[in-house]
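Commentary on secondary and tertiary structure
Here's the letter readout for the chains.
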Amino acid sequence: MASPKVVVVGSCNTDLISYTPRLPKPGETINGHRFSIGFGGKGANQCVAAARLGAKTAMVAMVGNDSFGRDFIQNFRDNDVDVSHIGVTNEAATGVAPIIVNDEGENSIIVVQGANLKMTSSKVEEAEEAIEKCSVLVCQGEITMEATLAALKMARKHNVKTLMNAAPADAGLDPAVIKNSDIFCVNESEAEVFTKVGVKTVQDAQHAAKILLSKGCSSVIITLGAAGALYSTSSENIHVPAYEVTPVDTTGAGDAFVGAMAYYLAYHPQLTMEEMMQRSCKVASISVQAPGTQSSYPTKENLPSYLFI
Ligand code: RIB
């Protein structure tokens, strides 16, 4: 069996999604229209997004010894993700994420990390063979920083490209995480946490990216929602606009972008970064037009063929 080209070391959360007219105020009770349960967690989402585009992927993660955890492993199998590095713990429940989505498709998310916090550097070491042989390692901020950093350092040791999506933003992020990131990817609000620069415009994003670059990563991507995304290195700034769509549910759109970027880096490395960003924005724009997180991610068969040339 061919070894995975994209390895994700990250989180698994069961998303408990309530659709409501608007986000409630503190202390307020409001009625929702609909409820659904789905597979989420930034790590799992990015892995499945890449797999749906045709990437050979592996997930390194922890789930609880419960029905959510068992369903999660089956869902990875159904998406052709290698599950041989997913551990099951009796010490915590599978991560969950209660989510509220309003009529404009905006969301509020709470993450209860549970088993994700059982990810350790030794679990990462057990996956060294997969990490060593892959083309792109993807990490996020929903498991222990110890495990994330171990994964990034391991990838560096083996000359594997690292794509770090520092979400959710942790102001106490170990500076070594940024230094070990080939691409450090954040959205506007996360960029603000790490740089103290309010990111409202592309110019603000360029300023924030410069500060992030000075912290030691090789390149920065700042996703800007409806304003597209910015890619920055010490010598270039590339802004790509977003596709104009009417969003139904933006939950996991950033993860669709990161998963697509991992796919393009691994399978179409000859493309320019601008082209990879445009194509990844396209995948993310499709994901916001359907409800749910992974349930909204497109497969290769449902996408235009120009995205795969
Ligand atoms: O980025 C969206 C994800 O954030 C959701 O799937 C939820 O589980 C949280 O991790």
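Coordinates for the structure precede this section.
Computed from a predicted structure; not experimentally measured. (Residues numbered from 1 in each chain as written. Predicted model: local features only at pLDDT ≥ 70, side-chain atom pairs only at ≥ 80, totals over all residues. Heavy atoms only, no water.)

**Some remarks on the overall build of the protein chain**
Summing up its helical and strand segments, the protein chain has ten helices and 13 strands in all. Relative to the 2.2 N^0.38 estimate, which gives 19 Å for 309 residues, the radius of gyration of the protein chain is 18 Å and therefore close to what a compact globule would have. Each of the three principal axes of the protein chain carries a C-alpha extent, and together these read 50 × 45 × 40 Å. Taken over 309 residues, the protein chain has a buried fraction of 54%. Taking all contacts inside the protein chain whose residues are at least 6 apart in sequence as the whole, residues at least 24 apart take part in 68%. Accessible area for the protein chain stands at about 13100 Å²; split by element, carbon and sulfur atoms hold 51% of it. (Helix = DSSP H or I, 4+ residues; strand = E, 2+ residues; numbered from the N terminus. Rg over C-alpha atoms; globule rule 2.2 N^0.38 Å. Buried < 20%, exposed > 50% of the residue type's maximum accessible area, 1.4 Å probe, protein only. Contact = heavy atoms within 4.5 Å. Areas by Shrake-Rupley, 256 points an atom, 1.4 Å probe, with all protein chains shown as cover.)

**Describing the sheet that holds strand S1 (residues 6-9)**
Taken together, nine strands build an open sheet; the order of strands is S5-S4-S1-S8-S9-S10-S11-S12-S13 and the sheet is mixed. Looking at the sheet topology across the chains shown, the edges are occupied by strand S5 (81-89) and strand S13 (237-240). Mean inter-strand twist for the sheet, computed between neighbouring axes without regard to direction, equals 15°. The pairing of S1 with strand S4 (residues 57-64) spans four bridges and is classified as parallel. (Pairing = 2+ DSSP bridges. Axes fitted to C-alpha atoms, helices over the stretch in contact; angles between N-to-C directions.)

**What to know about the sheet that holds strand S6 (residues 95-101)**
The mixed open sheet is built from four strands, whose spatial order is S3-S2-S6-S7. Either end of the sheet is taken by a strand with one partner, and the two such strands are strand S3 (34-40) and strand S7 (107-109). Recorded for the sheet is a direction-independent mean angle of 20° between the axes of neighbouring strands. Inspection of the sheet shows S6 paired to S7 by three bridges, in the antiparallel sense.

**What to know about the environment of Ile86**
Here Ile86 is to be found in strand S5. Residue Ile86 is classed as buried on the basis of its relative accessible area, which comes to 11%. The sequence separation of Ile86 and Gly69 amounts to 17 residues, and the corresponding C-alpha distance is 9.9 Å.

**Points about the packing of helix H9 (residues 253-267) against helix H10 (residues 273-287)**
When two helices pack together, their arrangement is captured by the angle between the axes and the distance separating the axes. Two elements in contact, H9 and H10, have axes whose closest approach is 8 Å; the angle formed by their N-to-C orientations is 140°. With respect to their mutual orientation, H9 and H10 come out oblique. H10 is crossed by H9, and the crossing has right-handed handedness. Contact residues: Ala253, Ala256, Phe257, Ala260, Met261, Tyr264 and Leu265 in H9; Met273, Met276, Met277, Arg279, Ser280, Cys281, Val283, Ala284 and Ser287 in H10. (Parallel < 35°, antiparallel > 145°, perpendicular 65-115°, else oblique. Left-handed = near helix turned anticlockwise from the far one by under 90°.)

**Comments concerning the packing of aromatic side chains**
Evaluation of the coordinates by the stated rule reveals six aromatic pairs. Plain terms: the ring middles of Phe72 and Phe76 are 5.6 Å apart, the flat faces sit at 50° to each other, and that makes the pair tilted. Taken together, the residues Phe72 and Phe76, both in helix H2 (residues 67-78) and four residues apart, mark about one turn of the helix. Given the relative accessible area of 0%, Phe72 is considered buried. Looking at Phe76, the relative accessible area reads 0%, which means it is buried. Taking the centre distance of 5.0 Å and the plane angle of 70° together, the rings of Tyr263 and Tyr264 count as edge-to-face. Residues Tyr263 and Tyr264 agree in their burial class; the two are buried. These aromatic residues form a ring-pair network of at least three members: Tyr263, Tyr264, Tyr267 and Phe308. Lys5 extends its terminal NZ or CZ atom over the ring of Tyr267, reaching a point 4.7 Å from the ring centre. (Phe/Tyr/Trp six-rings, centres within 6.5 Å; stacked < 30°, edge-to-face > 60°. Lys NZ or Arg CZ within 6 Å of the ring centre and 35° of its normal.)

**Brief notes about the nonpolar core**
In this structure, Met59, Phe76, Leu163, Ile221, Phe257, Met261 and Met273 are the most contacted members of the largest nonpolar core, which totals 51 residues. Residue contributions to this core peak at ten residues, all from H9. Among residues more than four places away in sequence, those in contact with Met261 are Leu163, Ile221, Met273, Met276, Met277 and Ser280. Grouped together as the second largest cluster of nonpolar side chains are 46 residues, Met62, Cys134, Val177 and Val186 included. (Core = buried A, V, L, I, M, F, W, Y, C linked by side-chain atoms within 4.5 Å.)

**A word on the side chain of Asn13**
Inspection of the secondary structure assignment puts Asn13 in strand S2 (residues 13-19). Of note is the side chain of Asn13, whose polar atom sits 3.5 Å from the side chain of Glu142. Look past the residues within four positions of Asn13 in its chain and what remains in contact with it is Gly38, Phe39, Gly40, Gly41, Phe72, Gly95, Val96, Ala97, Val111, Val112, Asn116 and Glu142. (Polar contact = N/O pair within 3.5 Å; in protein donor to acceptor, adjacent residues only side chain to side chain.)

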